Amino acid sequence: GAENQNGRVYPREILEREAKKYETLIKERRALGELDHPDSSVINLKNVSHNVREIHWDNDDLVGTVEILPTPSGNILKELLRAGILLGISSRGMGSVTNIGEGKVKVEPDFELIGWDFVSNPSTHGAFMTPMNESVVKQIGTDVCGDFCKAENLMREIITELS
């Protein structure tokens, strides 16, 4: 219901409907996203960086959890996060809008959610990635490493010893 930085207003009932439909993609492990919004409405598999694992409402905010994939784009995403870069998350969808004045438009009921992409500047206020402990989190001067990072370091040591 709030205006975003692009002047769009997404009615909650439309987002609730689309989030419910998106749950099917999540259950099927097909809730894929890319780095940046592409020009196409089709998710391009060679550019996939992450998979959405779950979504839920936190008061008026739709939030969720993503899994960073070991793809070229996923590795870029992981390294950006490791470097402490603050990344935004933005929905990608299609549909019509109606002008409601003062530079604002309302998203109409024909809106279809395609997914969420990582972007440098999200249009929704405060829509930034907050890394969890399972990934590498940049803190003041130190890296906190979860199980994935420990396993990755162990594999790197083994490969180095075999070389």
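As the structure is a prediction and not an experimental result, all values here were calculated from the model. (Residues numbered from 1 in each chain as written. Predicted model: local features only at pLDDT ≥ 70, side-chain atom pairs only at ≥ 80, totals over all residues. Heavy atoms only, no water.)

Draft legend 1. Quick look at the sheet that holds strand β6 (residues 97-101). Across the sheet, three strands lie side by side as β1-β7-β6; this open sheet has mixed pairing. In this open sheet, the two edge strands, each paired with only one partner strand, are β1 (8-9) and β6. Here two bridges tie β1 to strand β7 (residues 104-107), and the two strands are oriented parallel to one another. For R8, the partnering residue across the bridge sits in β7 and is V105. (Pairing = 2+ DSSP bridges. Helix = DSSP H or I, 4+ residues; strand = E, 2+ residues; numbered from the N terminus.)

Draft legend 2. View of the pattern of salt bridges. Inspection of the entire model under this criterion finds ten salt bridges. One salt-bridge network, held together by shared partners, links R12, E16 and D60. (Salt bridge = Lys/Arg side-chain N within 4 Å of Asp/Glu carboxyl O.)

Draft legend 3. A look at the side chain of S73. Turning to its location among the elements, S73 is positioned in helix α2 (residues 72-82). Those residues in contact with S73 that lie beyond four places of it in its chain are L35, K46, N47, V48 and S49. (Contact = heavy atoms within 4.5 Å.)

Draft legend 4. Up close: the side chain of E34. Tracing the chain through its elements places E34 in strand β2 (residues 32-34). A relative accessible area of 2% places E34 in the buried class. At 3.2 Å, the side chain of E34 and the side chain of R92 are in polar contact. Dropping the residues within four chain positions of it, E34 is found in contact with V42, I43, N44, N47, V48, S49, H50, R92, W116, D117 and F118. (Buried < 20%, exposed > 50% of the residue type's maximum accessible area, 1.4 Å probe, protein only. Polar contact = N/O pair within 3.5 Å; in protein donor to acceptor, adjacent residues only side chain to side chain.)

Draft legend 5. Expanded view of the environment of H37. Within the secondary structure, H37 sits in the loop between β2 and β3 (48-58). For the pair H37 and S90, spaced 53 residues apart in sequence, the C-alpha to C-alpha distance is 8.2 Å.

Draft legend 6. Examining the pairing of strand β8 (residues 112-119) more closely. For β8, the buried fraction is high: seven of the eight residues fall into the buried class. Strand direction decides the pairing type here: strand β5 (residues 88-94) and β8, joined by seven bridges, are antiparallel. Its bridge partner being in β8, I89 is matched across the sheet by F118.

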